[in-house]
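Listed below, chain by chain, are the residues.
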Amino acid sequence: MKKKIVGLLICTVLIVTAFPIIDAKDENKTFENQISLEEIGGCAGAIATGSVVKDGRSIFWKNRHMSGEDNKPFFYQGASYKYYGIGQATGNCLMGINEKGLAVGNFAVDGPIENWEYISDGLYGPTSDIMNFLLGNYDNVYDAAMCAAYHMGGISQLGIISSETGVGAVVAVSNYDGTCRTNITWINNTYAALANAFYCDGDHDVDGNDITIDNMLNDITTNGGINGDFKIDWEEMCQRGGKNVSGKEEGSGYFNCSYEITKSNCVSGFVAVSGEPDYDGAANIGWLAMGRQPLVGIWLPLAASCLTTNEDIPSEYRDDGGIEDYVDRKVFYGTNGEGQGCSIYSCERVREILEVTNSNESFMFNEYDDLIADIPPDATPSQVKSIIKSFVDDMTPSVLSAYESYNHPPDEPFNPSPEDEEMEVFINTCLNWSSEDPDGDLVFYDVYFGEYDLYNDPPIVSNNQSSSLYCPDDVLDFDTDYAWKIVSWDEYGSNSSGDIWTFTTEENLPPSEPSNPDPANGATDVTIYKILSWTGGDPNPGDEVLYDVYFGTSSPPPLVAEDLTKAEYNPGTMELGITYFWQIVSEDSQGLTTNGPIWSFTTEEEPNESPTAPEIDGPLKGSAGTELCWTFQSNDPEGNDVKYNISWGDGNYEETVYYPVNTPVEVCHTYDEDGTYTITAIAEDIKGAKSDKSTFEVTIPRYRTYYNSLFFMLLERFPYLISKLGNLFRLLF
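Note that this is a predicted model, so its numbers are computed, not measured.

Draft legend 1. Focus on the overall build of the protein. In terms of regular secondary structure, the protein is built from 10 helices and 41 strands. Taking all 733 residues of the protein together, the buried fraction comes to 51%. The long-range share in the protein, meaning contacts at least 24 apart out of those at least 6 apart in sequence, stands at 69%. Summed over all atoms, the accessible surface of the protein reaches about 32,400 Å², with 47% contributed by carbon and sulfur.

In structure tokens, the structure reads:
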């Protein structure tokens, strides 16, 4: 068995349409093509049998639109035969094929049947039930069609083929007057266009899809088709019919597929091609194009004769969203990033996808044709089944792999920050950029960064990172040229390298002058426990600043501390009623310094005692996302106003304004997650004296107590329940 891995691109095929069946080819028939595109909608398909078909093998084609996306084949065991079906959910069969080669698919109808031949009891309904019954019990067109004529209900029509040579059928039912009226149209050695419309009189329905399909079939039988033999080929049914958008993809720019047979809400396609009847159905096979949408998807083989359980269906069809997942990347590419459900496609990209995908499909189709032609005449059905199973098992994963791996590299990285050749860049800058992937793949980045070198590219500093942001470990040097480059990789190993960008960092400036002293310059009655603080900093963001502190009772004051990293200094307990002088000198990483002014303050005449540790009162438990409130209260020996500095234990902090002493102050907080949290509070009086800390533990449980509250609510509303429940417990125990 040959194996080829060829790149395949996903097709999002959404199939619309309804077209009534024509019971015989009539080269003289004409149609009114005055159809509004807005009217086109529904499912589309065709039957071709006998003398009009290549090799005489019957063909049934159906595209299916539906609202769901998780559209996969599922195995069923019927009363007589095994089969697989495809529908919106397991058991909801909208098309399928059994081990004997009987293939069935449903279409809706738009009006009542007038030239009906049969009355149905409606036993099996319009779709899933009747098709499950037919596939599980019948192996030939005649018996299946007659059963449907007498037992199908609702408003629907079925297309049916089997391994029989030259025979197919369409059964339609309507019950608009309360009676299930049905009709069979036999498709013997001819072809018929199918759609969501009743079929019985050979006329076309109103939406025009049957015209599109019928014209395609006429073109094949009149002008030769892909094989030049004037025969309808199941390969052409897949590639030309199943992907038909009226040739719009041959244009330029973008096209809208909303009003075509292949439209954006088509989530599956099915083509059944019969094998030789002598092999008892073992050579029959279905080709599936599932997922949005067949336009950019791929057809894959599946034989019902090879299935015994659902696990026999290859995992490629069953896992997650089935073929939907494989199609996503091609839809993303074809719609220029809009993805599933979008109706606007790029002509150029769709042509690219179709060229690659169709070549891979043609390889599979040819392999299957060669396989059937090479089966020995005396092969048993069991031997044929084994041959077909090997074909499916080998072909599906290898071709899908090739289809999925047909890959476009990420777009070249763009939108650099800092911009290329930007000047005066901060020394604590981070690099960031933009990058996109035309297939919607995950993108990873290698970062090259270093000082600019005319003769060498910058070195790699990070690889395989998922973020489009890189921050150097250390601040950069001042007034230095840097170079950087980004290489984008997708999850399939394709990459695109960006340009080498450059920037120059800012010149160094001296630190900012120290300001905003606390205590304020000239302040009096300052607590002897006061911690000095100020505002420092540097005009160059990221530049490190250190502080020297000069402090004492003389001016200028002496040096008392060097190289402080925080803008505060604790002088210890000071003396009462004394004037102190202090000055701050700032120094940056390059040794530039800035002297602050000399400030002064006078301490209090009498000592200020600290307030008492705050009393905390409030709920011990609460619910995540619900606001909870606690009160905080502290006493101050001198009667000074106090404020509260609160840590909530979840990384959040709060500081109140000053309140009169011994006033309960309510403060509220909301915890976002469950857990046990410790609230910590300190009281500080208006002179800066601080209390010892107080703590309070609150628990936010994982589950909320809905049931108890609901129970008590019911008891409040229905008090007689208490006595009733008491009587019940006495009877039971």
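Draft legend 2. Structural view of the sheet that holds strand 28 (residues 532-535). Taken in spatial order, the 3 strands make up an open sheet running 26-28-31, and their pairing is antiparallel. In this open sheet, the two strands that pair with only one neighbour each are strand 26 (515-518) and strand 31 (568-569). Where strand 26 lies against strand 28, 2 bridges are found, and the strand directions are antiparallel. Its bridge partner lying in strand 28, D518 is registered against S533.

Draft legend 3. View of the side chain of S462. Secondary-structure assignment places S462 in strand 21 (residues 460-465). Among the polar contacts made by the side chain of S462, one reaches the side chain of Q465 at a distance of 2.6 Å. Residue contacts for S462: discarding those within four places in its chain leaves Y445, D446, V447 and Y470.

Draft legend 4. Structural view of the packing of helix 1 (residues 128-137) against helix 2 (residues 141-151). Orientation of helix 1 relative to helix 2, taken along the N-to-C sense of each, is 150°, at an axis distance of 10 Å. One finds that helix 1 runs roughly antiparallel with respect to helix 2. Once helix 1 is placed against helix 2, the crossing between them reads as right-handed. Each of I130, F133 and L134 in helix 1 lies in contact with helix 2, whose residues at this interface are A144, C147 and A148.

Draft legend 5. Layout of the sheet that holds strand 36 (residues 627-633). The strand order across the open sheet formed by 3 strands is 35-36-39, and the pairing between neighbours is antiparallel. Taken across any chain shown, the strands that pair with only one partner, and hence form the sheet edges, are strand 35 (615-617) and strand 39 (665-670). The average undirected angle you get between the axes of adjacent strands in this sheet is 30°. In this sheet, strand 39 lies alongside strand 36 in antiparallel orientation, the contact comprising 6 bridges. Its bridge partner being in strand 39, E627 is matched across the sheet by T670.

Draft legend 6. Representation of the pairing of strand 40 (residues 675-685). In this structure, strand 37 (residues 642-647) lies alongside strand 40, joined through 6 bridges in antiparallel fashion. When the bridges of strand 40 are listed, Y644 appears paired with A683. In terms of strand pairing, strand 40 meets strand 41 (residues 694-700) through 7 bridges, oriented antiparallel. Of the residues in strand 41, the one forming a bridge with I679 is F696.

Draft legend 7. Looking closely at the nonpolar core. Membership of the largest hydrophobic core comes to 86 residues, with the highest contact counts inside it found for F270, W287 and I388. Listed in part, the 29 residues of the second largest apolar core include Y76, L94, V141 and I184.

Draft legend 8. Examining empty space enclosed by the protein more closely. Summed over the entire model, instances satisfying the criterion amount to 1 cavity of 30 Å³ or more. For the largest cavity, the calculated volume is near 60 Å³. Along its surface, the largest cavity is lined by L302, A303, C306, L307, D312, P314, K389, V392 and D393. At 3 residues, the largest contribution of residues to the lining of the largest cavity is made by helix 8 (residues 381-405). The residue makeup of the lining of the largest cavity, split by class, is 6 nonpolar, no polar and 3 charged.

Draft legend 9. Summary view of the layout of surface pockets. Each pocket or cavity is described by its volume, and for the largest pocket that value is around 290 Å³. Forming the boundary of the largest pocket are D518, T527, Y529, K530, I531, S533, E568, N570, E684, G688, A689 and K690. Residue classes in the lining of the largest pocket are distributed as 3 nonpolar, 4 polar and 5 charged.

Draft legend 10. Expanded view of helix 1. Most of helix 1 sits inside the fold, with 7 of its 10 residues counted as buried. Taken as a whole, helix 1 has its buried residues at S128, I130, M131, N132, L134, L135 and G136. Residues of helix 1 that are buried in the fold lie against strand 4 (82-86), strand 5 (95-98), strand 6 (103-107), helix 2 and strand 8 (156-161).

Conventions used here
- Residues numbered from 1 in each chain as written.
- Predicted model: local features only at pLDDT ≥ 70, side-chain atom pairs only at ≥ 80, totals over all residues.
- Heavy atoms only, no water.
- Helix = DSSP H or I, 4+ residues; strand = E, 2+ residues; numbered from the N terminus.
- Buried < 20%, exposed > 50% of the residue type's maximum accessible area, 1.4 Å probe, protein only.
- Contact = heavy atoms within 4.5 Å.
- Areas by Shrake-Rupley, 256 points an atom, 1.4 Å probe, with all protein chains shown as cover.
- Pairing = 2+ DSSP bridges.
- Polar contact = N/O pair within 3.5 Å; in protein donor to acceptor, adjacent residues only side chain to side chain.
- Axes fitted to C-alpha atoms, helices over the stretch in contact; angles between N-to-C directions.
- Parallel < 35°, antiparallel > 145°, perpendicular 65-115°, else oblique.
- Left-handed = near helix turned anticlockwise from the far one by under 90°.
- Core = buried A, V, L, I, M, F, W, Y, C linked by side-chain atoms within 4.5 Å.
- 1 Å grid on protein atoms, 1.4 Å probe; cavity = no way out; pocket = protein on both sides within 12 Å on 5 of 7 lines; lining within 4 Å.
- Points joined across faces, edges and corners; volume = space filled by probe spheres on them.
- Nonpolar A, V, L, I, M, F, W, Y, C, P; charged D, E, K, R; others polar.

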